[in-house]
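Residue-level structural notes
Residue-level listing of the chains:
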Amino acid sequence: MSERPRLTVLSGPSGVGKSTVVSFLRAQHPEVWLSVSATTRRPRPGEKDGVHYYFVDEDRFAKMVANGDLLEWAVFAGNHYGTPRQAVLDRLASGAPVLLEIDLQGARQVRESMPEAQLVFLAPPSWEELVRRLTGRGTEPQEVVDERLRAARVELAAESEFDTTLVNTSVEGVAAELLALLNVV
Ligand code: ADP
Ligand code: 5GP
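Residues numbered from 1 in each chain as written. Chains lettered and ligands numbered in written order. Predicted model: local features only at pLDDT ≥ 70, side-chain atom pairs only at ≥ 80, totals over all residues. Heavy atoms only, no water.

1. As for the nonpolar core
- If you look at the biggest cluster of nonpolar residues, it comprises 21 residues, and the most contacted ones within it are Leu-10, Leu-25, Leu-99, Leu-122 and Leu-178.
- Put simply, the parts of the chain that give this core at least two residues each are helix H1 (18-28), strand S8 (118-123), helix H5 (127-137), helix H6 (142-157) and helix H7 (171-182).
- If one sorts the elements of this core by residue count, H7 sits on top with five residues.
- Apart from residues lying up to four places away in sequence, Leu-99 is in contact with Thr-8, Leu-10, Val-22, Val-32, Trp-33, Leu-34, Ser-35 and Leu-182.
- Counting residues in hydrophobic clusters, the runner-up holds 18 residues, among them Leu-71, Leu-92, Leu-119 and Phe-162. (Core = buried A, V, L, I, M, F, W, Y, C linked by side-chain atoms within 4.5 Å. Buried < 20%, exposed > 50% of the residue type's maximum accessible area, 1.4 Å probe, protein only. Helix = DSSP H or I, 4+ residues; strand = E, 2+ residues; numbered from the N terminus. Contact = heavy atoms within 4.5 Å.)

2. A few points about the site of ligand 1
- Among the 13 residues in the neighbourhood of ligand 1, the closest are listed as Gly-15, Lys-18, Ser-19, Thr-20 and Arg-137.
- Alone, ligand 1 offers 570 Å² of accessible surface; in the complex the protein occludes 75% of this.
- Where the shell around ligand 1 is concerned, the elements lending two or more residues are H1 and H5.
- The biggest single contributor to the shell around ligand 1 is H1, with three residues.
- Tallied by class, the residues present in the shell around ligand 1 amount to three nonpolar, seven polar and three charged. (Near = heavy atom within 4 Å. Areas by Shrake-Rupley, 256 points an atom, 1.4 Å probe, with all protein chains shown as cover. Nonpolar A, V, L, I, M, F, W, Y, C, P; charged D, E, K, R; others polar.)

As C-alpha cells, this is what we get:
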C-alpha cells in the first residue's frame, strides 16, 4: 500500500465539471476538506462568501500576495485567484487530506513548492462537449466564455504534466475515481 498522498490538486479547463464533481463527492464525503480560494471575480448567483470563495477586491488581494498569505495565485480570465496558505498548512499538520481546485498556473506552483502533491487533471470527453458545458452553464457573457475557451486550449495541452487524468463522462464515476485517489475510504 502506497503512502497516502496528503495534498491533491484538481485542475482542468473551465466548464469541464470540476465544481460539479467536487460538490457531488463532498455531499457524500463531507470529511473531504476543500480549500476555499480568494478571488477578485464577482460572485455568481448562489455563490456565498466564505463558502465558494472569499470574494475580495483588488487591494485586498494585493495585500494577501504582499504578506505571503497565499500558497499560490494566478490571474485567470482577467481575475485574481489564490489559495490561502495557513488553512492548508493547518489541515495538513492535522494529518488530513487536502483538496485544491485550481488552474494550471496554480498547479505548477504547487508542483514547485510541494513536490509530494498529487496532480489530477480533469479532461472533457471532447472539445465539443467542453464548449457545450461552458456555454450551457450560462454564467458568463460570450466574450468571457471565449476567453475561457482560449485558456482551455492551453490547459488541455498541459495534461501530460499531471500525475493522473480523469475523463469527466459521468459525475458519479469521476467522483468515485477521485475519492480513490484521495485515499479517504
Ligand atoms: P468547472 O467547475 O470545471 O468550471 P462546472 O462544475 O461549473 O465546471 O460544470 C460546467 C457545466 O457542465 C455545468 O453546467 C455542469 O452541470 C455541467 N457538467 C459537469 N459535469 C458534467 C457531466 N459529467 N456531464 C454533463 N454535464 C456536466
Ligand atoms: P471560476 O471563475 O470558474 O470559479 O474559476 C476559474 C478558474 O480558476 C478555474 O480553473 C478554477 O479552478 C481556478 N481557481 C479557483 N481558485 C483558484 C486558486 O485559488 N488558485 C488558482 N491558481 N486557480 C484557482
